[in-house]
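Here's the letter readout for the chains.
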Amino acid sequence: MILDGLNTVQRQAVEQTDGPIMIIAGAGSGKTRTLTYKIAYLLQQGVSPFSIIALTFTNKAAKEMQERIIDLVGIEAKGLLVGTFHSIFSRILRMEAERLGYTKNYTIYDDDDSKKLIVDIVKSLNLDEKQYKKGRMLTRISYAKSALYSPEAYATEGLFLADDNASKIPLFYKVYAVYQKRLFQNNAMDFDDILFNMNVLLRDYSDVREKYQRRFKYILVDEYQDTNYSQYHIIKVLADFHKNICVVGDDAQSIYSFRGANISNILNFNKDYPNAKTFKLEQNYRSTENIINAANEVIAKNEKQIPKTIWTDNPEGEKITYRILPSDREEADWVGKKIQQDLQESKDSFSTAILYRTNSQSRTFEDSLRLKNIPYIIYNSTSFYARKEIKNIIAYLRLVVNNSDDEAFERIVNYPARGIGATTMDRLKIAAQQYNLPLFHLAESITPNNPFQITPRAVSALTDFCLMIKSFTGRVETDDAYTLGKDIINRSGIKTDLALLKEQEDKDRLENVEEFLSGMQSFVETEEESIIDSLTGEEISIENKTLDVFLQQISLMTSTDVEEDEESNKVKLMTIHSAKGLEFDNVYVVGMEENLFPSTLSFATREDIEEERRLFYVAITRARKNLILTSANMRFRNGSVDFGETSRFVREISQKYLNIVDDSKKEKLSTISFQQKENNKSFISLKKKEPLTSLRHNSLTDKKSSLNLKKKEEGLDDSWHLAKDEEIEVGVKVHHSKFGYGTVTEVELKDKDKRAHVDFGEMGQRVLILKFAKLKIQ
DNA sequence: ACTCCTTGGGTTTTT
DNA sequence: CCCAAGGAGT
């Protein structure tokens, strides 16, 4: 019997097939295991795979689940609908798009596209771009959509309007309205639209609603604590007929409120479904006892949570290491060296991750690992597809598939250069706005004597361009993605353009293009999926290997969606957010400093701090065996230097689980290995005699910064010298290599270090630790 | 029309 | 610091 591998609660949760079910699954408690067994169990009970839908947050989680189910029950699992909210609903929307006025080839806009569109709109409405910032606009639009407020509904909601007024963006509702109109005109949806429109579809079309309500007899939702209102509502509607809904989540791991996730969805599940059965998976199979104990201590500091006791049978394990280092560079250096040692000790197992709060922290670690020849992979939110040359290719593909895609049109109409410059584009855009038409449709019908003052030469260039695109468009339905994509890349001139250039950078780009093409090829070569509903014989969907399907797929891909062989035997670098759901033997949580983690931006409210704490909880519960926390006393951030105190989260762990090593007070040179002295001579010499600024990340290559340094040093004559600690007194004039001239306003002794508060005038008030600051004095 | 350079602005997390 | 947008020069 397949349920043998489960513990009592897991088994109960699996065997309870019908009715509303909530599974509270602590970190490492076998959540995925329970979910996959549950689906396997349903199949074994004779439930058709076509009547099961399982929703996850990442493609990776979906893929893993699907594979594990196939392992359990074999080929029968085929036809199961397992995927992310966005991927499954965007597929359903493709089939039903016409009802909502889109075509099935609608484009999915990413944040970049959305932001460009917003800038355009803000300009056209003559609004102040500094007040109506694109990022802010997008966040607000996203917020409105996630709460299911259409532009019309938004404009009649007094609370929103009052808030916009108070925030000095009273016309935001207009931006939102035009944004939505333009998206629609472009036959495009942003990420939130996929969920929003799914809601509209279910609300307005009873046949569609009933079809899916009846079809999905069993609905399973992973990471339920991270659903927003829009997602919550889709699930609620879909489950309304059979009411077999099983949600799995952990309120302690809710970390996405910034994108609208609402923790009350999980906290209030029992209110929505009063007869719901709740199961708590509390035994942790992943981590050592020390790690679990520490994690429990940390999360106990939060007020809002579902009571539960996470425990483990695992051995106590090593203590958690907390190591303090002098600077971000030395932090990265130390982590690199430690990983190198670990590697030498256990050659075959290679399960190590470096987790950080912000993407920008990856740089120093990347440098450090590269220097030591340790293979690594960075999961960055700006991934392969975000590279310029790839974005250009994708824009071609998008325009071919969906001629109305203005963002794509603008991006490539003159790449490679074909004589369609800014003036022409401005005129074309004015015309398009006048007629409320997509750019392409205007461009293809324009004549030499047009009323828009577009020159005959430009008209001819535009016509040629449109004809070329159209010729490809005609092949979308018939050709496979690879054949068509290859032709587009060859005939558009992109390849020739890159091949002509001789710089190494262009060669790299050309290589990326080839890689992209081979990605298309493997997409085409994977088996075609045709899904037939075994109950009704109805064809549910056919995923042909055409370009439109390819595009839809890649627009929902993220940096974590890489092939397994690409990530095996590599150190994995990612943000803590991306690490959710993953586990590693060795986990380094770096940058454990107040202001960085928790982030300054979270200090405002208790809720925000609690979310940061949950994030920390997620971070430490990724570790199976070894957990290492590090912090740096000083760190370069946004061009200036930060002095960080130990994060409050570290202090929330009792000493009995911690092994604290303060490596920041030692003579710095002693921490640098022989190998590095060889490789990094100038780094050392800089450190010896230069002030702080030369420790910057790029000190070896960044010419600009050394120039800056010189500029600031100019005017310092020989009478200026490095100040001794005792020379620093209130009122003394000092010079700092980065901040310039200043006056000491206060001197204090803290953590055994003498610190000076210095007023640098325009550069602001700074608190400097004297032993690092290398202040000069006359 | 294109390229290079300067300037200015942002700076948490992402499907 | 890093990027993107705008300006100046070719």
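Anything mentioned here points back to the structure above.
Everything in this summary refers to the structure shown in the same document. (Residues numbered from 1 in each chain as written. Chains lettered and ligands numbered in written order. Predicted model: local features only at pLDDT ≥ 70, side-chain atom pairs only at ≥ 80, totals over all residues. Heavy atoms only, no water.)

1. Some details on the protein's contact with DNA strand B
The test is simple: Think of it this way: one heavy atom of a residue within 4 Å of a molecule or strand is enough to make that residue near it. Nitrogen and oxygen atoms within 3.5 Å of one another constitute a polar contact, given that in protein one can donate a hydrogen and the other can accept it, and given that sequence-neighbouring residues count only through two side-chain atoms. The secondary structure listing takes helices from DSSP runs of H or I that are at least 4 residues long and strands from runs of E that are at least 2 residues long, numbered from the N terminus.
Around DNA strand B, a shell composed of 26 residues is seen, among which Arg357, Ala417, Thr558, Leu601 and Asn638 lie nearest. In DNA strand B, atoms within 4 Å of the protein come 60% from sugar and phosphate. The contact in question runs from a phosphate oxygen of DNA strand B to an N or O atom on the side chain of lysine 133, over 3.2 Å. At a separation of 3.4 Å, a base oxygen of DNA strand B approaches a polar side-chain atom of histidine 577. Counting residues per element, the ones that place at least two in the surface near DNA strand B are helix H20 (422-435) and helix H28 (576-579).

2. Here's the deal with the environment of alanine 386
Our working rule: Under the scheme applied here, a residue whose accessible area is under 20% of the maximum for its type counts as buried, over 50% as exposed, and between as partly exposed, the area being computed with a 1.4 Å probe on protein chains only.
Note on placement: alanine 386 falls in the loop between strand S13 (376-378) and helix H18 (388-401). Residue class for alanine 386 comes out partly exposed when judged on its relative accessible area of 38%. It is 26 Å that separates the C-alpha atoms of alanine 386 and asparagine 228, two residues lying 158 residues apart in sequence.

3. Details of helix H10 (residues 191-204)
Our working definition: What a helix is expected to span follows from its residue count: subtract one and scale by 1.5 Å.
Look at H10: 20 Å from first C-alpha to last across 14 residues, which is about the 20 Å you get at 1.5 Å a residue. By the criterion of burial, H10 is predominantly enclosed, with 11 of the 14 residues buried. The backbone nitrogen of aspartate 192 has a side-chain oxygen 3.1 Å away, supplied by the residue at the start of H10, namely aspartate 190.

4. Notes on unusual backbone geometry
Looking along the chain, the bond that leaves tyrosine 415 and enters proline 416 is cis, with omega of -10 degrees. Mapped onto the fold, proline 416 is located in the loop between helix H19 (406-412) and H20. One non-glycine residue, glutamine 453, lies in the positive phi region at around 65 degrees. Among the structural elements, glutamine 453 can be located in the loop between helix H21 (439-445) and helix H22 (456-473).

5. Let's talk about the pairing of strand S6 (residues 218-221)
Here is the rule: DSSP bridges decide pairing: two strands pair if at least two such bridges lie between them.
What you see with S6 is no split at all: Tyr218 and Leu220 on one side and Ile219 and Val221 on the other are buried throughout. Of the pairings in the sheet, the one linking strand S2 (residues 52-56) to S6 comprises four bridges and is parallel in character. Looking at S6, one finds that isoleucine 52 is bridged to tyrosine 218. Relative to strand S7 (residues 245-249), S6 runs parallel, the two sharing three bridges. Following the sheet pairing, leucine 220 is matched in S7 by cysteine 246.

6. Here's the deal with the side chain of glutamate 366
Operational definition: Contacts between residues were defined by any pair of non-hydrogen atoms, one from each residue, lying within 4.5 Å.
Relative to the helices and strands, glutamate 366 is located in helix H17 (residues 362-371). Setting aside anything within four residues of it in sequence, one finds glutamate 366 in contact with Tyr376, Ile378 and Leu573.

7. Concerning the pattern of salt bridges
Keep this limit in mind: Here a salt bridge means any side-chain nitrogen of Lys or Arg lying within 4 Å of a carboxyl oxygen belonging to Asp or Glu.
Going through the model one piece at a time under the given rule, you end up with 48 salt bridges. Among the salt bridges present, the one from lysine 243 reaches aspartate 240, with a minimum N-O distance of 3.9 Å. With a relative accessible area of 43%, aspartate 240 lands in the partly exposed category. When salt bridges that share partners are traced, they join Lys31, Asp222, Glu223, Asp226 and Lys580 into one network.

8. A word on the side chain of lysine 372
In this fold, lysine 372 is placed in the loop between H17 and S13. Reaching out from lysine 372, the side chain makes a polar contact with the side chain of aspartate 333 at a distance of 3.1 Å.

9. A word on the packing of aromatic side chains
Stated formally: The criterion for an aromatic pair is that two Phe, Tyr or Trp rings (for Trp, the six-membered ring) have centres within 6.5 Å, with stacked assigned to planes under 30 degrees apart, edge-to-face to planes over 60 apart and tilted to the rest. Any Lys NZ or Arg CZ that is within 6 Å of a ring centre and within 35 degrees of that ring's normal is treated as a charge sitting over the ring.
Applying the stated criterion to the full structure yields 22 aromatic pairs. Look at phenylalanine 597 and phenylalanine 616: their rings are 5.8 Å apart centre to centre, the planes differ by 75 degrees, and that puts the pair in the edge-to-face class. Taken together, the positions of phenylalanine 597 in the loop between strand S17 (584-589) and helix H29 (606-620) and phenylalanine 616 in helix H29 put the pair 19 residues apart, joining distant regions of the chain. Given a relative accessible area of 0%, phenylalanine 616 falls into the buried group. One aromatic cluster is present, built from ring pairs that chain together Tyr149, Tyr154, Phe160, Phe172 and Tyr176. Here arginine 259 stacks its cationic end above the ring of tyrosine 256, 4.2 Å away from the centre of that ring. Looking at lysine 545, its charged tip hangs above the ring of phenylalanine 523, at a distance of 4.9 Å from the centre.

10. Digging into the nonpolar core
Note the cut-off: Buried residues of nine kinds, namely Ala, Val, Leu, Ile, Met, Phe, Trp, Tyr and Cys, make up a nonpolar core once their side-chain atoms join them within 4.5 Å.
Membership of the largest hydrophobic core comes to 54 residues, with the highest contact counts inside it found for Phe409, Leu428, Phe465 and Leu547. Setting aside residues no more than four positions away along its own chain, phenylalanine 465 makes contact with Tyr396, Leu399, Phe409, Ile412, Val413 and Arg418. Ranked by size, the runner-up nonpolar core spans 45 residues in total, among them Phe89, Tyr212, Tyr232 and Ile234.

11. Some thoughts on the environment of serine 87
One can find serine 87 in helix H4 (residues 85-96). For the pair formed by serine 87 and leucine 556, sequence separation is 469 residues and the distance between their alpha carbons is 6.8 Å. The contacts of serine 87, once residues within four sequence positions are left out, are Asn59 and Leu556.

12. A few points about the sheet that holds S6
Under the convention used in this document: Lines fitted to C-alpha atoms define the axes, with helix axes restricted to the stretch in contact, and inter-axis angles between N-to-C directions lie between 0 and 180 degrees.
Ordered by their spatial adjacency, six strands build an open sheet running S3-S2-S6-S7-S1-S8, and the pairing between neighbours is parallel. The open sheet terminates on both sides in strands that have one partner only, identified here as strand S3 (81-84) and strand S8 (277-281). Pairwise comparison of adjacent strand axes, ignoring direction, gives a mean angle of 15 degrees for this sheet. Relative to S8, strand S1 (residues 21-25) runs parallel, the two sharing five bridges. The residue bridging isoleucine 23 from the neighbouring strand is phenylalanine 279, located in S8. Strand contacts of helix H1 (residues 8-15): S1 and S8, with the helix running at about 150 degrees to S8, the strand carrying the most contacts.

That is the geometry; function is a separate question.
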